[in-house]
Amino acid sequence: MKHFLIITNSFKDAGLELTGKLKKYIEIKGGSAISFISTGEEAEKAAPKNEEIPDNIEGVIVLGGDGTLIRAASSLVKSNLPLIGINMGTLGYLCELEAKDAFSAVDVLMKDNFLIENRMMLDGYGIKAGSKVAASVALNDIVIHRTGSLSVVNLIVYVNGEYLNTFHGDGIIISTPTGSTGYNMSAGGPIVDPKAQMILITPINAHNLNSRSIVIGARDEVTVEIGKRRSQKDETVEVSFDGDNAVKLEVGDKFIVHRAKDTAKICKLSKESFLEILRRKMQAYT
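Structure report, in brief. All values derive from a computational prediction rather than experimental measurement.

## Some details on helix α3 (residues 102-110)
Okay, so step 1: Within α3 the residues assigned to the buried category are Ala102, Ala105, Val106, Leu109 and Met110. Along the long axis of α3, the arc covered by the buried residues comes to 130°, so they all point the same way.
Okay, so step 2: Each element contacted by the buried residues of α3 is listed here: β1 (3-9), α1 (17-28), β3 (59-64), β4 (83-87), β5 (97-98) and β17 (254-268).
Okay, so step 3: Once α3 ends, the next one or two residues include Asp112, with phi positive near 55°.

## Some words on the pairing of strand β12 (residues 198-204)
On a regular strand, each side chain points to the face opposite its neighbour's, so the side chains alternate between the two faces of the sheet.
Okay, so step 1: For β12, the tally of buried residues reaches six of seven residues, placing the bulk of the element in the interior.
Okay, so step 2: Judged from the five bridges that link them, strand β11 (residues 171-175) and β12 form a sheet pairing that is antiparallel. Looking at the pairing, Ser175 lines up with Leu200 of β12.
Okay, so step 3: In this structure, β12 lies alongside strand β13 (residues 214-217), joined through four bridges in antiparallel fashion. Within β13, the position partnered with Ile201 by the bridge is Ile214.

## Some remarks on unusual backbone geometry
Okay, so step 1: Even without being a glycine, Asn160 presents a positive backbone phi close to 55°.
Okay, so step 2: Among the structural elements, Asn160 can be located in the loop between β9 (153-159) and β10 (162-169).
Okay, so step 3: In the Ramachandran plot, Asp242 falls in the positive-phi region, its phi being about 50° despite a non-glycine side chain.
Okay, so step 4: Looking at the secondary structure, you find Asp242 in the loop between β15 (236-241) and β16 (244-250).
Okay, so step 5: What makes Asp242 buried here is its relative accessible area of 12%.

## What about the side chain of Asn154?
Okay, so step 1: Note on placement: Asn154 falls in strand β9.
Okay, so step 2: Within polar-contact distance, the side chain of Asn154 engages the side chain of His168 at 2.5 Å.

## Quick notes on the pattern of salt bridges
Once the charged atoms of two side chains with opposite charge are near each other, the side chains can pair.
Okay, so step 1: Scanning the model with the defined rule gives 10 salt bridges in all.
Okay, so step 2: One salt bridge in this structure joins Lys21 and Glu17, with 3.2 Å as the shortest N-O distance. Placement of the pair is Lys21 and Glu17 together in helix α1, with a separation of four residues, close to one helical turn.
Okay, so step 3: In this structure Lys21 comes out as partly exposed when scored by relative accessible area, which is 47%.
Okay, so step 4: With its nearest N and O atoms 3.2 Å apart, the salt bridge here joins Asp101 to Lys100.
Okay, so step 5: Its relative accessible area of 69% is what places Lys100 among the exposed residues.

## Notes on the sheet that holds β11
Within a sheet, adjacent strands bond to each other through the backbone by hydrogen bonds, running parallel or antiparallel.
Okay, so step 1: The strand order across the open sheet formed by six strands is β13-β12-β11-β8-β15-β16, and the pairing between neighbours is antiparallel. Each edge of the open sheet is held by one strand with a lone partner, namely β13 and β16. Here the strands of the sheet are splayed against their neighbours by 20° on average, with no regard to which way each runs.
Okay, so step 2: Judged from the five bridges that link them, strand β8 (residues 141-146) and β15 form a sheet pairing that is antiparallel. Counted as the bridge partner of Arg146 is Val237 from β15.

## Details of the packing of aromatic side chains
Given two aromatic rings, their pairing is described by the distance between the two centres and the angle made by the two planes.
Okay, so step 1: Summed over all chains, the structure comprises three aromatic pairs.
Okay, so step 2: Aromatic pair Phe241 and Phe255: ring centres 5.9 Å apart, planes at 55°, arrangement tilted. Here Phe241, found in strand β15, pairs with Phe255, found in strand β17; they are 14 residues apart in sequence, far enough to count as distant. Both residues of the pair, Phe241 and Phe255, count as buried.
Okay, so step 3: For the cation-ring pair, Lys132 lies above Tyr125, with the distance from its terminal atom to the ring centre recorded as 4.4 Å.

Quick notes on the rules
- Residues numbered from 1 in each chain as written.
- Predicted model: local features only at pLDDT ≥ 70, side-chain atom pairs only at ≥ 80, totals over all residues.
- Heavy atoms only, no water.
- Buried < 20%, exposed > 50% of the residue type's maximum accessible area, 1.4 Å probe, protein only.
- Helix = DSSP H or I, 4+ residues; strand = E, 2+ residues; numbered from the N terminus.
- Arc of directions from axis to C-beta.
- Contact = heavy atoms within 4.5 Å.
- Pairing = 2+ DSSP bridges.
- Polar contact = N/O pair within 3.5 Å; in protein donor to acceptor, adjacent residues only side chain to side chain.
- Salt bridge = Lys/Arg side-chain N within 4 Å of Asp/Glu carboxyl O.
- Axes fitted to C-alpha atoms, helices over the stretch in contact; angles between N-to-C directions.
- Phe/Tyr/Trp six-rings, centres within 6.5 Å; stacked < 30°, edge-to-face > 60°.
- Lys NZ or Arg CZ within 6 Å of the ring centre and 35° of its normal.

None of this, on its own, says anything about what the molecule does.
What follows is the structure in structure tokens.
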């Protein structure tokens, strides 16, 4: 791997200092690099369009944090390019490297001394008045959450067409194993190995005493119907894909989630296991 696309979160690399040094280092080593500046906030500006990426690009280096890498992975999923993240934020589970490791990482990548992990993603779309709307993919999670007034929403959940449960609360998180250390973890959901193949369903501030996270198979399909809670039927929810692309749904609408056909390809340089990384991160931020 000698030809790179560098995606930089402009808020994390002040003055694009590391971006410039990394690009120059790659060129000195006989490779090439083009850079793309991401705002780190909007999914549509997270990465260049696939048709804008030169054919010789072999890999993507992401400078920022987990959020920047997640958005880049979703945006570039059709490019089939492997990505590696350099963490310039605070807590990062997905970005394997820190800024101090950037140049040594380039050396390893250019020697093709790396592994690629295929991370499952989620595909989701809404159904309003019988019509399909707002299809997109997510590497971390698809979140369905209340909007408007401070009142709970009723979310009726089915798995493969079979009724599972009705959650009363602020919403639910439908997560991949990669996303288990994100919002899912904050909401009390389980942490699982990102290489696992499963889907996690975690309620957000549930008002049911018996509401717990539920783990289902990767091939299962989740349907969430927006149920009514009061006679006005005026409850609304938003659906976000990795925190972006919010879609509004109303009572009676449905949202379908299943495993995406494509996977995110994440480069792994070290032999450090997920449990070792998890232990180190937890010790550093306790």
